[in-house]
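Structural features, examined
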Amino acid sequence: MTLLIIIIVLALIFDYINGFHDAANAIATVVATKVLTPFQAVLWAAFFNFLAYWVFGFGVADTVAKTAHTMDINLVVILAGVIAAICWNLLTWWLGIPSSSSHTLIGGFAGAAVAHAIYMHGFSDYTVIENDVTITRHWYEIVSWYKAGKDGGMPSGVIIIIAFIVLAPLLGALVSYLISIWLLNASRKNVGPKIFTVALMIATIWLVSNLMVPYAEIEKPRFDSHFWSVAFDPHNIKWFLVAFIILTVSLFCLIFSSLNLHQADAALKKMQLLSSAAFSLGHGGNDSQKVMGIIAAAVAVYIHTNPGVLMDSWLDVVLPNDDLGVKGVMPGWIPLACYSAIAAGTLSGGWKIVKTMGSKITKVTSFEGVAAETAGALTLYFTEHLKIPVSTTHTITGSIIGVGLTKRVSAVRWGVTVSLIWAWILTIPISAILAGIVYFVLSVFIK
């Protein structure tokens, strides 16, 4: 039990570090454009990091918890993964490199698991019993590399997470580029952009209304009132936010051409508050869930390695299993602690990375800030819906590059960008190797 408590404490410390390491993701553009002072910006971002507690479910947490097969590992694996992730995060923060906290955690967890398989079984196959069935695995299959989606749904596994190292920034860049083009055309006194905007508003309302979960399908209504239960269901809140973001930008586009330069800039700065808040919600919801997943995995491993143990109600965690129809259970204090830790970390800032994100990639104005943050927020909501733990760092960096490309290719400082990409590529393997080393050292002292 002592080791489990240590892991939970370290996981929350990692969440705190994640907050100040990734604070730049949400506040870099509002600081660079002087919409908010640095202190105001971190307060704004921290508030919406914490508010995400009431918005998002636990899909990403489930994906992270199943990075490695919990029946095959012990608590030392998770401890080594978290220690490695903390070390790499602190190093990249010190160097001012906006690397991915998410991929650091995934890489550390996977690397420690592989080290455990080699330590216990060498490079030979081994057998485990899952659901009363004996399964033979190769040593490297201790990590869940790929799992097909159920009923044609989105597949999961470390390979999918690695794929989104490329896909998340590309998606962010594409969306921000398209939003920038939309805003640029809306600034002209033509009827075409307005027709497109109205059509987009109608399509958004239709799509979101069809994605809403009705009261009859809500498993645990939050209120007695049908209306408030539907309105505050986490799935519905997320889609309400998507609609609100798109409709707000759409309304601005309808009046953009009638504003003078000063009025347009003032309106864009107000919209940056909205886009920054939306991205901070996505950051809190996406990144806090990863630590929830690590804590859930640690509890599951503890129960497996201590058969017959009776857990206190505050640690009554059950990982969902779609194959067996098992619903997940997570005590309320875990998400509350994770969201609080990341919000506290964001309050601590991370000014070296703010400078890189806010000025070194491309020159950012209020126009670019709105486009980049809106694109980043929509990308995070979309990937969270698919239960994919993407990097908020990669997403917003890609979005900033996308708005830079609308001016000209040379507007993006590609030397800085290439350095960032190398950091992204190296994060998972370095974290995995570091976690493997930490695992072997810990195994000497912890049996």
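Small disclaimer: the values here were computed from a predicted structure and weren't measured. (Residues numbered from 1 in each chain as written. Predicted model: local features only at pLDDT ≥ 70, side-chain atom pairs only at ≥ 80, totals over all residues. Heavy atoms only, no water.)

Here we take up the overall build of the protein chain. Of regular secondary structure, the protein chain possesses 16 helices and two strands. Looking at the protein chain residue by residue over its 447 residues, the buried ones come to 53%. Counting only contacts in the protein chain whose residues sit at least 6 apart along the sequence, the fraction spanning at least 24 positions is 80%. When the accessible surface of the protein chain is summed, it comes to about 19300 Å², and 70% of that surface belongs to carbon and sulfur atoms. (Helix = DSSP H or I, 4+ residues; strand = E, 2+ residues; numbered from the N terminus. Buried < 20%, exposed > 50% of the residue type's maximum accessible area, 1.4 Å probe, protein only. Contact = heavy atoms within 4.5 Å. Areas by Shrake-Rupley, 256 points an atom, 1.4 Å probe, with all protein chains shown as cover.)

Following the criterion strictly, the structure yields four salt bridges and no others. With its nearest N and O atoms 3.8 Å apart, the salt bridge here joins Asp265 to Lys269. One end of the pair is Asp265 and the other is Lys269, both in helix α11 (residues 261–305) and four residues apart, which spans about a single turn. Lys269 gets classed as partly exposed once you look at its relative accessible area, which sits at 29%. Salt-bridge contacts for Lys290 lead to Asp287; the nearest nitrogen and oxygen are separated by 2.8 Å. On the criterion of helical spacing, the pair formed by Lys290 and Asp287 is a turn pair, its members being three residues apart in helix α11. (Salt bridge = Lys/Arg side-chain N within 4 Å of Asp/Glu carboxyl O.)

Attention shifts here to the packing of α11 against helix α14 (residues 366–385). Between two packed helices, both the angle of their axes relative to each other and the distance between the axes serve to describe the pair. Here α11 crosses α14 at 30 degrees, and the two axes come no closer than 8 Å. When the axis of α11 is compared with that of α14, the two are roughly parallel. Pair α11 / α14 crosses with left-handed handedness. Looking at the contact of α11 with α14, its residues break down into ten nonpolar, twelve polar and four charged. (Axes fitted to C-alpha atoms, helices over the stretch in contact; angles between N-to-C directions. Parallel < 35°, antiparallel > 145°, perpendicular 65-115°, else oblique. Left-handed = near helix turned anticlockwise from the far one by under 90°. Nonpolar A, V, L, I, M, F, W, Y, C, P; charged D, E, K, R; others polar.)

This part takes up the packing of helix α10 (residues 234–256) against α14. Look at α10 against α14: their axes get within 11 Å of each other, and the N-to-C directions meet at 155 degrees. As far as their axial angle goes, α14 and α10 are roughly antiparallel. Viewed along their axes, α10 and α14 form a crossing whose handedness is left-handed. Of the residues in α14, those in contact with His235, Lys238, Trp239, Leu241, Val242, Ile245, Ile246, Val249 and Phe256 of α10 are Phe367, Thr374, Ala377, Leu378, Tyr381, Glu384 and His385. Considering only residue class, the contact of α10 with α14 consists of eleven nonpolar, three polar and two charged.

Quick look at the environment of Val31 now. Inspection of the secondary structure assignment puts Val31 in helix α2 (residues 23–32). Separated by ten residues in the primary sequence, Val31 and Ala41 have C-alpha atoms spaced 6.9 Å apart.

Moving on, we come to the confidence of the model for the protein chain. The pLDDT averaged across the protein chain works out to 82; a share of 89% of its residues lies at or above 70. Taken together, the stretch residues 352–362 has pLDDT below 50 and engages in 48 contacts with residues farther than four places along the chain or on a different chain. (pLDDT = per-residue confidence, 0-100.)

A full pass over the atoms with the stated rule returns ten aromatic pairs. Summarising the aromatic geometry, the rings of Trp182 and Phe196 are spaced 6.2 Å apart at their centres and angled 80 degrees between planes, so their arrangement reads as edge-to-face. Taken together, the residues span a long stretch of sequence, with Trp182 in helix α7 (residues 158–186) and Phe196 in helix α8 (residues 191–211) at a distance of 14 residues. Given a relative accessible area of 46%, Phe196 falls into the partly exposed group. What links up through ring pairs into an aromatic cluster is the set Trp44, Phe47 and Phe48. (Phe/Tyr/Trp six-rings, centres within 6.5 Å; stacked < 30°, edge-to-face > 60°.)

Turning our eyes to something else, we now look at the nonpolar core. Residues Leu4, Ile73, Ile78, Phe109, Ile142 and Ile294 are the most contacted members of the largest nonpolar core, which totals 101 residues. Sorting elements by how many residues they give to this core places α11 first, with 17 residues. Dropping the residues within four chain positions of it, Phe109 is found in contact with Val64, Ala65, Thr67, Ala68, Ile73, Val77, Ile78, Gly81, Ile294 and Ala297. One finds Val30, Val31, Val35 and Ala45 within the second-largest nonpolar core, a separate group that totals eight residues. (Core = buried A, V, L, I, M, F, W, Y, C linked by side-chain atoms within 4.5 Å.)

Once that is clear, we can look at a nonpolar patch on the surface. On the surface, Val418, Ile421, Trp422, Ile425, Leu426 and Ile430 cluster together to form a nonpolar patch covering roughly 510 Å² of accessible area. With respect to the secondary-structure elements, Ile430 resides in helix α16 (residues 414–445). (Patch = residues over 30% accessible without salt bridge, like charges linked within 9 Å, V, L, I, M, F, W, Y side chains within 5 Å.)

Position of Ser366 among the secondary structure elements: in helix α14. According to the relative accessible area criterion, Ser366 is buried, its value standing at 2%. Setting aside its immediate chain neighbours within four residues, Ser366 contacts Thr33, Val35, Asp265, Leu268, Lys269 and Gln272.

Another point: helix α12 (residues 333–347). A rise of 1.5 Å per residue sets the reference length of α12, with its 15 residues, at 21 Å; its end C-alpha atoms lie 21 Å apart and thus fit the reference within 8%. Every buried residue of α12 is accounted for by Ile334, Pro335, Cys338, Tyr339, Ala341, Ile342, Ala343, Gly345 and Thr346. (Expected span 1.5 Å × (residues − 1).)

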